[in-house]
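Inside the fold
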Amino acid sequence: MTKGISKAELKRRDVLRAMAVGGAGAIVGPTFLARPARAAGRTIKIGFVSPETGPIAAFGEADDFILAGVRKVLANGITIAGTQHPVTIIKKDSQSNPNRAAEVTAELINSDKVDLMLGSSTSDTTNPVSDQCELNGVPCITSDAPWQAWFFGRKGDPKKGFDWTYHFFWGVDTISTVFCDLWSSLDTNKTVGALWSNDPDGIALSDPQTGFPPLMKKRGFNLVDLGLYPTMSDDFSAQINKLKEAKVDILTGVFVPPAFATFWTQAAQQGFRPKIATPAKALLFPSAIEAIGDRGIGLSTEVWWSPHHPFKSGLTGETPQQFCDAYSAATGRQWTQPIGFKHAILEVACDVLKRTKKIDDPGSIRDAIAATDYTTIVGPINFAKGPVKNVATTPLVGGQWKKGSKYKYDLAIVNNKMEPSIPLDGKFEPLAS
Amino acid sequence: MDPNFTVERGTTASRRFAVLGGVLVVALATLPFWGDTASMRLIAEMATYLALAQLWNLLAGYAGLVSVGQQAFVGLGGYALFVMCGWYGIHPLLAIPLAGIVSAALSLPIAFIVFRLRGAQFAVGTWVVAEICQLLIALMSSLGAGSGQSLTPAIVRTVAASKADRDMIFYWCSLGIALIVLGLVYALLRSRHGLALTAIRDSEQASRSVGVDTFRTKLLTYVVVAFATGGVGALIFLQKLRISPAAGFSLNDWTVVVIFMVVIGGIGTIEGPIVGLVIYFVLRQLLADYGSWYLIVMGCVAVFFMLRARDGIWGWIAQRWQLHLFPLRRNFRRGGP
């Protein structure tokens, strides 16, 4: 609250100062009369690329709500190096399609001439957006894809990093640790069965050197690796047989939601019932659990963000709970994890612009991104402290879907070993047999 | 027969159009000197789609090869460029025609499989082949498997160091490819092969009975189209900077959209794809920001044309006013030359 007052006061002072300058100008000469009372700079343009239609449209379903909120805050523009600049955010739909993502990014660079590019939600959007910006020298921030898929998927060299593109999210190492923490908290035979989708996330996570398998071994789990399956696969009977034969207690891997729904149905038909099932990426949205029904209760997943995260928006001062409540009130929908990150990426953009010294120099905007040290609604973002150059990591905890009270199913945080500041709101339980 | 007949192809309209077309080409070629990067980018994208549309039209509209698997060659061309540039350090601009050759070479064994099929089976067969290509590449971890790979800025900068120069070179490449394809299709259709192709289009049985080697003519067309499609694919992904199996072998992006243009514009004419191209881009610029509605409107337009105007817009214009801007027909005129 105090911050708000000081901001308002600052603005008032700016106005007074500008008026004084204007007044002085009026005395000095008539040419100055044409100047507005407040020194107003050119419009700053931010490009915002996100999947709003197509197979992963769920990630972008809150875009309009989030943009409306940020635009309201930015109604008076941003003060950059003492000058008030109006800000426009230009939203483009990547249609869940990497070709379209590259195309709209090029359009934002060439036609709209954006000053800062933002891209989010899965590597099919973040990677093409970043590649275009890297080549064309446009400052770019992306989020919401495991950082290894973004960094190594674009042939990043940890020593050199990238010149123009930055990314914040958790990584393969983080999710592996969270999953192992979850599984260690229950009594099992420690045999893990894994199926990986043949897409950027599945490949990054299944990597025998840099992925999940080495950590499982280190933590004493015995891995039955069933390898990569085609992303659009609709028959898992062969894999389910192998899982049954190996007496797997813990199921994991990477699935898109429809593929997991198919897998889980077939698993039930063939009588495969592990004690724990923790598929990555498949169970982020309530709609994914609703598609499975009550058989989805007890499934566990990674949680990147929730209404109970102990952070606050640096832009609006809202807590995650207030933010989610406002979202539900405005749209009638249950909160989802990406909405926090969509808000956060815009927060970081505003913070970067405020700290930029020379707005007409892309290099100056880039330097401001590199120097980011800012706490968003999803946690602190600092690119200097990342695991590799150009990357900042955000915290991750383990969650489990439970029977809901207000909504049909609720996602409860059941393991916070990696980030104890995030409160637990449930106990991890084995799947009903 | 009266010896005082001459055969001619050009009409007054086509000669006037040739002059106009020449002016338009010069205007477009000099665009980098008077236009902005945004319009260059748009024209370049339109040019690549014009090339794809003309190529598909040559296949489906003339050779009777209704392929819904042309994305196979776009993807193979794109991957060929990434491999040549990324692994062997070949200059990207040289890699474009080489990618065409790779794609043409691969089209031969594919042709021997799919040419055993007819009509609807051929269409499905080509689609299956494209899906197989996508799945095979998704299995190759050296090519990035399902996640694909990026072209590093260092490689792309060998084309030209500055963005402005690159924009210009890519623009001319796209425009060049479109003009080459247009010229190639036009020349091919005016040649003996063109006559054979038109005959096959109208009736394969009848053309065989008058001595057209239908298999050779169709094979030649298929391979030439694969070559050019591969080159276009290479140029497309050189600009997209990133390729993945889903992106490279996208049925929607590289075949459905192209079929849309050709069907709306008028299949079996050279003018048709050009008209269809303009309509598609106008609709896209107007509707792209409306999410799913954009696709729904596009679908309705396509359904309307398929039900109500099967010859497309140009088919209707050509019939109504006997207008042929790229004259392929032979007209008889009384009197000596």
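Preceding this section is the structure that the text describes.
Below: a short report on this structure. (Residues numbered from 1 in each chain as written. Chains lettered and ligands numbered in written order. Predicted model: local features only at pLDDT ≥ 70, side-chain atom pairs only at ≥ 80, totals over all residues. Heavy atoms only, no water.)

**Some points on the overall build of chain A**
Threshold: Secondary structure elements are defined from DSSP: runs of H or I of at least 4 residues count as helices, runs of E of at least 2 residues count as strands, and each element is numbered from the N terminus. Here the radius of gyration uses the C-alpha set of atoms, whereas the globule reference equals 2.2 Å times the residue count to the power 0.38. Only protein chains enter the accessibility calculation, which uses a 1.4 Å probe; a residue is then buried when its area is under 20% of its type maximum, exposed when over 50%, and partly exposed in between. In what follows, a contact means two residues having at least one pair of non-hydrogen atoms within 4.5 Å. Surface accessibility follows the Shrake-Rupley procedure with a 1.4 Å probe radius. Residue values consider only the protein chains on display as shielding. Only four residue types enter the tally: Lys and Arg on the positive side, Asp and Glu on the negative side, with His and both chain ends excluded. By convention, the charge on Lys lies at NZ, on Arg at CZ, on Asp at CG and on Glu at CD.
For chain A, the count of helices and strands is 14 helices and 17 strands. For chain A, whose C-alpha radius of gyration is 24 Å, the value lies close to the compact-globule estimate of 22 Å for 433 residues. Taken along its principal axes, the extent of the C-alpha atoms in chain A is 90 × 45 × 35 Å. The 433 residues of chain A split such that 58% are buried. Considering only contacts within chain A whose residues lie at least 6 apart along the sequence, 70% involve residues at least 24 apart. Here chain A has roughly 17200 Å² of accessible surface; of this, 56% comes from carbon and sulfur atoms. Once the 47 positive and 43 negative side-chain charges of chain A are each reduced to a mean point, those two points are 5 Å apart.

**A look at unusual backbone geometry**
All names here are of chain A. The phi dihedral of Ala-81 is positive, around 50 degrees, even though this residue is not glycine. With respect to the helices and strands, Ala-81 occurs in the loop between strand S2 (78-80) and strand S3 (83-85). Although it is not a glycine, Lys-247 adopts a positive phi angle of roughly 50 degrees. Along the chain, Lys-247 falls in the loop between helix H9 (237-245) and strand S10 (250-254).

**A closer look at the packing of helix H9 (residues 192-202) of chain B against helix H11 (residues 214-240) of chain B**
A pair of packed helices can be characterised by two numbers: the angle between their axes and the separation between those axes. Residue and element names in this part refer to chain B. The line we're drawing: Working convention: axes come from line fits to C-alpha atoms, limited for helices to the stretch in contact. Angles between N-to-C directions cover 0 to 180 degrees. Between 65 and 115 degrees an angle is taken as roughly perpendicular, under 35 as roughly parallel, over 145 as roughly antiparallel, and anywhere else as oblique. When residue character is reported, Ala, Val, Leu, Ile, Met, Phe, Trp, Tyr, Cys and Pro are called nonpolar, Asp, Glu, Lys and Arg charged, and the others, Gly included, polar.
In the contact formed by H9 and H11, the axes pass within 10 Å of each other and the chain directions differ by 105 degrees. The angle between H9 and H11 places the two elements in the roughly perpendicular class. Facing His-193, Ala-196, Leu-197 and Ile-200 of H9, the residues of H11 in contact are Thr-214, Thr-217, Lys-218, Leu-220 and Thr-221. Residues belonging to the contact of H9 with H11 are distributed by class as follows: four nonpolar, four polar and one charged.

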